[in-house]
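Given next are the chains, with one letter for each unit.
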Amino acid sequence: MSTTEEARRPGRPRSAAADSAILQATLELLLDTGYRGLTMEQVRARAGVGKATLYRRYGSKEELVAAAVRHLNQEIPVPDTGTVRDDILAVAGSVLAAATRVGAATFMPRMLAESAGDPEMHRIFYENLVAPRRAVMAAVLRRGVERGELRPDLDVELAVDLIGGPWVYRLLISGGKLPEVGPEGLVDLVLSGIASP
């Protein structure tokens, strides 16, 4: 037996198709039944995979849902366009594009509402979807302060709320429909209050 054959022997490579089917089934079921109603067996059946395939990847419902929410995250890079306004718009564009690509716009209102009454779901949702986006926007704003574009006493966390809050509100009241208008007007309004004098 060759060295290559011996190296391959311990197990088959994981199937990307099975990975994708499991995550997609999890997201669909979260929308249909919510976190409390979701079961591993429902995910297995909808994804069309074996029990061993599912449990080899995820040992619990919490692990599975965290992975599905991370899948929605679609890593957002910290842009450096040269101005804080354009950096903020670049982040907004990346978030909106990712939301459209993976269906996060429909998912978010349901999960926000459900996580309000479920500490475990709130933690999963916040750590894997909300916190990474807040960190990117905070980095952009801190750099704006360092460049002198934003006021030196800026409360960065509050400014992140001011920029992201209206978009979350629009998603909630529209049931997940992304706003047709761009973020430029909102960004300019917020910047008028946080820019350096």
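Note that this is a predicted model, so its numbers are computed, not measured. Positions within a chain are numbered from 1, following the residues in the order the chain's sequence is written. Local features in this predicted model are restricted to residues of pLDDT 70 or higher, and side-chain atom pairs are both shown and tallied only at a pLDDT of 80 or more, whereas totals for entire chains, interfaces and linings draw on every residue. Side-chain measures were taken over the full set of non-hydrogen atoms in the model, leaving aside hydrogen atoms and water.

Residues and numbers for the packing of aromatic side chains, please.
Put simply, two rings from Phe, Tyr or Trp (the six-membered ring, in Trp's case) pair if the centres are within 6.5 Å, and we call them stacked under 30 degrees between planes, edge-to-face over 60, tilted for the rest. Per the stated rule, a full pass over the model turns up 0 aromatic pairs. In this scheme, the term charge over a ring applies when either NZ of a lysine or CZ of an arginine sits within 6 Å of the ring centre and within 35 degrees of the ring normal. If you follow Lys61 out to its NZ or CZ, it ends over the ring of Tyr35, 4.4 Å from the centre.

Explain the nonpolar core residue by residue, including any values.
To define a nonpolar core, start from buried Ala, Val, Leu, Ile, Met, Phe, Trp, Tyr and Cys residues and group those joined through side-chain atoms within 4.5 Å. Relative accessibility decides the category of a residue: with a 1.4 Å probe and only protein chains considered, values under 20% of the type maximum give buried, values over 50% give exposed, and everything between is partly exposed. Core analysis: the largest hydrophobic core is formed by 30 residues, its most contacted members being Ile22, Val43, Leu54, Tyr58, Val65 and Phe107. Each helix corresponds to a stretch of at least 4 residues labelled H or I by DSSP, and each strand to a stretch of at least 2 residues labelled E; elements are numbered beginning at the N terminus. Elements with a contribution of two residues or more to this core: helix H2 (16–37), helix H3 (40–47), helix H5 (61–73), helix H7 (104–115) and helix H8 (119–146). For this core, the leading source of residues is H2, giving 8 residues. The contact criterion used is simple: two residues touch if any of their non-hydrogen atoms lie within 4.5 Å. When sequence neighbours within four positions are dropped, the list of residues in contact with Tyr58 reads Ile22, Leu23, Met40, Glu63, Leu64 and Ala67.

An account of the packing of helix H9 (residues 156–174) against helix H10 (residues 184–194) is requested, with residue identities and associated values reported.
Packed helices, taken two at a time, are described by the angle their axes make and the gap between the axes. Axis definition: a line fit to C-alpha positions, over the contact stretch in the case of helices; interaxial angles, taken between N-to-C directions, run 0 to 180 degrees. Two elements in contact, H9 and H10, have axes separated by 10 Å at closest approach and are oriented at 160°. What the angle tells us is that H9 and H10 run roughly antiparallel. Crossing angle aside, the handedness with which H9 passes H10 is right-handed. Residue-level inspection shows Ala159, Leu162, Ile163, Pro166 and Trp167 of H9 in contact with H10, the latter providing Leu186, Val190 and Ile194. Here the term charged refers only to Asp, Glu, Lys and Arg, the term nonpolar to Ala, Val, Leu, Ile, Met, Phe, Trp, Tyr, Cys and Pro, and the term polar to all other amino acids, Gly among them. Each residue belonging to the contact of H9 with H10 can be placed in one class, and the counts come to 8 nonpolar, no polar and no charged. An angle counts as roughly parallel when it lies under 35 degrees, as roughly antiparallel when it exceeds 145, as roughly perpendicular when it falls between 65 and 115, and as oblique in every other case. Each helix crossing is assigned a hand: it is left-handed if the near helix lies turned anticlockwise from the far helix by less than a right angle, otherwise right-handed if that turn is clockwise.

Break down the confidence of the model for the protein for me, citing the residues and quoting the values.
Values of pLDDT, the confidence the predictor places in each residue, fall between 0 and 100. Taken residue by residue, the protein gives an average pLDDT of 83. The fraction at 70 or more is 84%. For the protein, per-element mean pLDDT is lowest for helix H1 (residues 3–8), which scores 41, and highest for H3, which scores 96. Segment residues 1–11 is flagged for pLDDT under 50; beyond a separation of four residues in sequence, or across chains, it makes 2 contacts in the model.

A description of the pattern of salt bridges should follow, citing residues and the corresponding values.
By definition, a salt bridge exists where a carboxyl oxygen of Asp or Glu is found within 4 Å of a side-chain nitrogen of Lys or Arg. By the definition in use, this model includes 18 salt bridges. The partner of Asp188 in a salt bridge is Arg85, with the nearest N and O atoms 2.6 Å apart. Highlighted residues: Asp188 in helix H10 and Arg85 in helix H6 (residues 84–102), separated in sequence by 103 residues. When its relative accessible area of 36% is taken as the criterion, Asp188 is described as partly exposed. Put simply, Arg147 and Asp87 hold a salt bridge, and the shortest N to O gap is 3.4 Å. With a gap of 60 residues between them, Arg147 in the loop between H8 and H9 and Asp87 in helix H6 connect regions that are remote in the sequence.

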